[in-house]
Amino acid sequence: MTSPKSLRIAIIIASIREPRVAPDVVKYVTDAVSGTLTDSEHSITLTTIDLLDWTSLPSAPIGTLLPAHQPADNPSYSHAVVDKWSREIRAYDAYIFVTPQYNWSIPAPLKVGLDNLFHEWSRKPAMIVSYGSHGGDKAAAQLRQVLRGMRMLVQWEGVVMLPLGKGLESAIKGKLEEAVVDVWNETGKKEELVEGLKEMVEVLGRSPEELMKGEKEARERELAKREALKGSS
Ligand SMILES: Cc1cc2nc3c(=O)[nH]c(=O)nc-3n(C[C@H](O)[C@H](O)[C@H](O)COP(=O)(O)O)c2cc1C
């Protein structure tokens, strides 16, 4: 197994609301994981991608060629902003999606950002950080399904949920309360984030054969879980 030396990881801010609590949440995530994996084997660069800077992306893919049917190495989207978005996303090895829950789902601009491309995301590791009153579990589950549909490498362990709890009203006004951060710290959220990052880096170090085997095993585990659920209902 070879370990990648220099990794570029993008932290994607999914909320474009004004005001929004997202930048405070992203700061918490960035502070938690920064420097934790920089050792003799890995050097990690974290870059924030704010979807607020990408509101000019078309709200649906344009043209008769689906993003998934574009040539993987040399896509051409006949839309300047999508071409720029393609170059931006292609530049990273892995992604941390930081998403709020909106009506039990993810914000539309995140889906737009995903749907406009395919190969740029595909077969790369992803980690999901969701937040909402109870941690945004439904948004996280939906995003996980979307990412797996796009053949991204995201495991159950790669999901971290951050509950806003009593800090919801402040969050709606764009402020992350200290008391919320205290709860996250006390309940081991920093450690969960670091674990998630470690898992992503491990995935990056695996060969294509190992990744395919891992995916097959994960699929078999999911099918076995579904069968078990059917049996118990
Ligand atoms: C359209 C909309 C729908 C929402 N739906 C949910 C929800 O389903 N569950 C939840 O816990 N919070 C929900 N919220 C509250 C958000 O968790 C809260 O506004 C949070 O601050 C959103 O993150 P942001 O400020 O970064 O956009 C919703 C907020 C909006 C704007």
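One numbering rule holds for all chains: residues counted from 1, following each sequence as written. Local features are withheld for residues below a pLDDT of 70 in this predicted model, meaning they are given only at 70 or higher, and side-chain atom pairs are given and counted only at 80 or more; totals for whole chains, interfaces and linings count all residues.

As annotated in an unreviewed UniProt entry, the protein carries the name NADPH-dependent FMN reductase-like domain-containing protein and is attributed to Coleophoma cylindrospora.

1. Remarks on the overall build of the protein
Broken down by element type, the protein carries 8 helices and 5 strands. In this setup the radius of gyration rests on C-alpha atoms only. A globule is expected at 2.2 Å times the number of residues raised to 0.38. Since a compact globule built from 233 residues should have a radius of gyration of about 17 Å, the 18 Å found for the protein is in line with a globular shape. Overall size of the protein, expressed as C-alpha extent along the three principal axes, is 50 × 50 × 40 Å. Buried residues are those with 20 or more other C-beta atoms within 10 Å of their own C-beta, exposed residues have 12 or fewer, and partly exposed residues lie in between; C-beta atoms are placed from the backbone. For the protein, with 233 residues in total, the buried portion stands at 36%. Any pair of residues counts as being in contact when their C-beta atoms, constructed from backbone geometry, are within 7 Å of one another. For the protein, contacts bridging at least 24 residues in sequence account for 82% of all contacts bridging at least 6. Secondary structure counts use DSSP, requiring at least four H or I residues in a row for a helix and at least two E residues in a row for a strand, with both numbered from the N terminus.

2. Here's the deal with helix α7 (residues 189-204)
If you check α7, its first and last C-alpha atoms are 23 Å apart, about what 16 residues at 1.5 Å a residue would give, namely 22 Å. Every buried residue of α7 is accounted for by Lys 189, Leu 193, Gly 196, Leu 197, Met 200, Val 201 and Val 203. Along the long axis of α7, the arc covered by the buried residues comes to 160°, so they all point the same way. Expected helix span is given by 1.5 Å per residue-to-residue step, counting one fewer step than there are residues. To be clear, the arc concerns the directions from the helix axis to the C-beta atoms.

3. Section: unusual backbone geometry
Trans is the common state for peptide bonds, and a negative phi is the common state for residues other than glycine. Between Glu 18 and the following residue, Pro 19, the backbone shows a cis peptide bond with an omega angle of -5°. One non-glycine residue with positive phi stands out, namely Arg 123, at about 65°. Here Arg 123 shows up in the loop between α3 (108-115) and β4 (126-132). According to the C-beta neighbour criterion, Arg 123 is partly exposed, with 14 such atoms within 10 Å. Phi at Arg 151 takes a positive value of approximately 65°, unusual for a residue other than glycine.

4. With respect to the environment of Lys 198
Looking at the element boundaries, Lys 198 is found in helix α7. With 15 C-beta atoms packed within 10 Å, Lys 198 lands in the partly exposed category. Distance from Lys 198 to Val 129, taken between C-alpha atoms, is 14 Å for residues 69 residues apart in sequence.

5. Brief notes about the pairing of strand β1 (residues 6-13)
β1 sits mainly inside the fold: 6 of its 8 residues count as buried. At least two DSSP bridges between two strands are needed for those strands to be called paired. Here β1 runs beside strand β2 (residues 43-50); their pairing, made up of 8 bridges, is parallel. Bridge pairing links Ile 11 to Thr 48 in β2. As defined by bridge partners, β1 adjoins strand β3 (residues 94-100) across 5 bridges and the pair is classed as parallel. Looking at the pairing, Ala 10 lines up with Tyr 95 of β3.

6. With respect to the nonpolar core
A set of buried Ala, Val, Leu, Ile, Met, Phe, Trp, Tyr and Cys residues, joined to one another through C-beta atoms within 7 Å, is what we call a nonpolar core. In this structure, Ile 12, Val 25, Val 29, Ile 96, Phe 97, Val 98 and Ala 126 are the most contacted members of the largest nonpolar core, which totals 59 residues. Considering every element that reaches this core, the biggest residue donor is helix α1 (residues 22-33), with 7 residues. Ignoring any residue separated from it by four or fewer positions in sequence, one finds Val 98 in contact with Ile 11, Ile 12, Ile 13, Ala 14, Ala 22, Val 25, Val 26, Val 29 and Val 129.

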